[in-house]
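# Reading the structure
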Amino acid sequence: MSPVDALMWRGDADRRLRGTISMLEIYDRLPDQRRFMAAHEWASRMAPRFRQRVIDSPFGTGTPSWSIDPEFDLHYHVRRIRLAGDGSMRELLTVCEQLAMTALDPTRPPWEATLIEGLPEGKAAYFLKAHHALTDGLGAIIGLAQLHSTSREPSPNKPQPPNPNPKNVSALDVLGRQLVEELQRLPRRAEMTAKGVWALSNPRRALRETLRYGRSVPRVAGLVSPPGSPLLARRSVSWRFSAFEVPLADLKAAAKASRASVNDVYVAGLIGGFRLYHEKLHVSVDTIPVAIPISVRRPDDAKGGNRIAVGRLAAPLNIDDPFERVLTIREQVRVARTEPAVDLFNTLGAVLAWLPGQVIAQFSGTTAGNDLQASNVPGIPWETYVAGAKVERMFPFGPLPGCAVMATMISHNGIGCIGINQDAASITEPELFADCLVDGFNEVLALAADDGSDVVPGMLTRVV
């Protein structure tokens, strides 16, 4: 397990920081049960991380190990339920909230999948939850793609990977591996020390770079972020989900009109919703602290694990003009991506991982100062199927690591699917908040009509 993954795993010592990521897919029909189970069996062989459990050291410190579960039981990990009520999207999301808030079994591979029947018109849903230590958002999409097919019909010629052989790994084995890794790090640390000594030959440059990095650390660590909004100050362990969708072409049109990226427009739309929510409840706030993940994943990286850094924004709630708001977000994101200490927690992870879980939870608690965390992950840009069922939508839901709201967007076959996970104690008027998100987003989407073209502005809609 990488040091960053270890920090996420140990963060569960504080229930408020539980790192469960989820994906909700809507199918046009109920998948064939035999093919559905076979698809999971095959996918878990193609991506063996989903057959691995976490083995920790005797002291619960250092980086744990991943090991093939000798008692891997697909029957445990893949479930099937039926909605008991009207089958509405609201009922479905309520069930998914409850599934997501239920802790994963730490003695098994940390994921569970649930096929949900009882939706209108014979449709079905699929809810996958996994611990964030297993993978980041992009890695989850890469892994989930193993479960999907490009046609309804079976693919008889696909590769058949062997069943991974389990290997018994004990807590003492993990401790031995940790000690070996620490010894292997000594040459690297000596190299860094030598570079530091060499830098003294150019003390002015060394001092300049050290000062730049030193000034960057508090910003990346969230120590100089703006204070959180008093309207969103409360925190609990209760999660509430809502889902939205927007045509990806409309997001791109608004981005082109404002000379920004799709991600800039997405974040500015969310901030517009927060601005309206505060306005409706008569609370005046200039800025709120926002965190965004910055992917450092390379094409040759393994599918599992986390390859992310953190960017910090002081998101403006005092800017009425959506164009100015987009440009302000664009500049802040640019600065966040170029912070000298942007990879701080990946750099310090090997040291922090030796701390006990409760102490690590305090470091993870720096996210508790954020009113919003916003993530945007590239999805699957073509039609996909699972065991004969077409995937109509896929809505992602991130964890709430102490923040008030976690917003995640995945693009799927031309649609931006947005999943909102909000703390029930932070957002006390959920229906009003949802309406404000729609209106705030649509303010930004309307920029597509301001560039002199014949583009008709798109709309964000709530899925209910």
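Residues numbered from 1 in each chain as written. Predicted model: local features only at pLDDT ≥ 70, side-chain atom pairs only at ≥ 80, totals over all residues. Heavy atoms only, no water.

## Some words on the environment of R79
Rule in force here: Each helix corresponds to a stretch of at least 4 residues labelled H or I by DSSP, and each strand to a stretch of at least 2 residues labelled E; elements are numbered beginning at the N terminus. Only protein chains enter the calculation, and the probe is 1.4 Å; a residue is then buried if its accessible area is under 20% of its type maximum, exposed if over 50%, and partly exposed in between. Here, residues are in contact when the closest pair of their heavy atoms is within 4.5 Å. Polar contact criterion, stated in full: a pair of N or O atoms within 3.5 Å, where within protein one must be able to donate a hydrogen and the other to accept it, and residues adjacent in sequence count only if both atoms are side-chain atoms.
In this structure, R79 sits in strand 4 (residues 78-82). The exposure class of R79 is partly exposed, given its relative accessible area of 29%. Separated by 35 residues in the primary sequence, R79 and T114 have C-alpha atoms spaced 4.6 Å apart. Residues contacting R79, with those up to four places away along its chain left out, are E112, A113, T114 and L115. A distance of 2.5 Å separates a polar atom in the side chain of R79 from the backbone oxygen of Y76.

## Concerning the pattern of salt bridges
We count it as follows: Every case where a carboxyl oxygen of Asp or Glu lies within 4 Å of a side-chain nitrogen of Lys or Arg is listed as a salt bridge.
Under the criterion given, the structure shown has 20 salt bridges. One salt bridge connects E41 with R45, and the closest N-O pair in it is separated by 2.9 Å. Taken together, the residues E41 and R45, both in helix 2 (residues 33-46) and 4 residues apart, mark about one turn of the helix. The partly exposed category is assigned to R45, whose relative accessible area is 26%. Beyond isolated ion pairs, a larger network of salt bridges with shared partners links R275, E279, D320, R325 and E443.

## Considerations on the nonpolar core
Note that soluble globular proteins tend to have their nonpolar side chains buried in a common cluster. Applicable threshold: Nonpolar core, defined: a set of buried Ala, Val, Leu, Ile, Met, Phe, Trp, Tyr and Cys residues in which side-chain atoms within 4.5 Å join the residues together.
Core analysis: the biggest nonpolar cluster contains 48 residues, and Y266, L270, I271, L372 and I420 have the highest contact counts within it. Considering each element in turn, this core owes the most residues, 9 residues, to helix 9 (residues 262-280). Contact partners of I271, with chain neighbours within four places excluded, come to I288, V290, A315, P316, L317, R325, I329 and L372. Counting residues in hydrophobic clusters, the runner-up holds 33 residues, among them A39, A43, A47 and L147.

## Focus: the sheet that holds strand 12 (residues 389-397)
How we decide: A pair of strands is considered paired only if DSSP assigns at least 2 bridges between the two. Here the axes come from fitting lines to C-alpha atoms, over the contacting stretch only for helices, and the angles between their N-to-C directions go from 0 to 180 degrees.
Strand order in the open sheet formed by 6 strands is 4-5-6-1-12-11, with mixed pairing between adjacent strands. Looking at the sheet topology across the chains shown, the edges are occupied by strand 4 and strand 11 (385-386). When strand 1 (residues 20-27) meets strand 12, the two strands line up antiparallel, connected through 6 bridges. Across the sheet, the residue bridging to E25 is M394, located in strand 12. Against the sheet, helix 4 (residues 89-101) touches strand 1, strand 4, strand 5 (111-117), strand 6 (124-131) and strand 12, its axis set at about 150° to strand 1.

## Some remarks on the confidence of the model for the protein chain
Low-pLDDT portions of the prediction should not be read for the details of their coordinates. Where we set the bar: The pLDDT value tells you how sure the predictor is about a given residue, anywhere from 0 up to 100.
Averaged over the protein chain, the pLDDT score is 83; the fraction of residues at 70 or greater is 77%. The model gives residues 192-200 a pLDDT under 50, and that stretch makes 2 contacts with residues more than four places away or in other chains.

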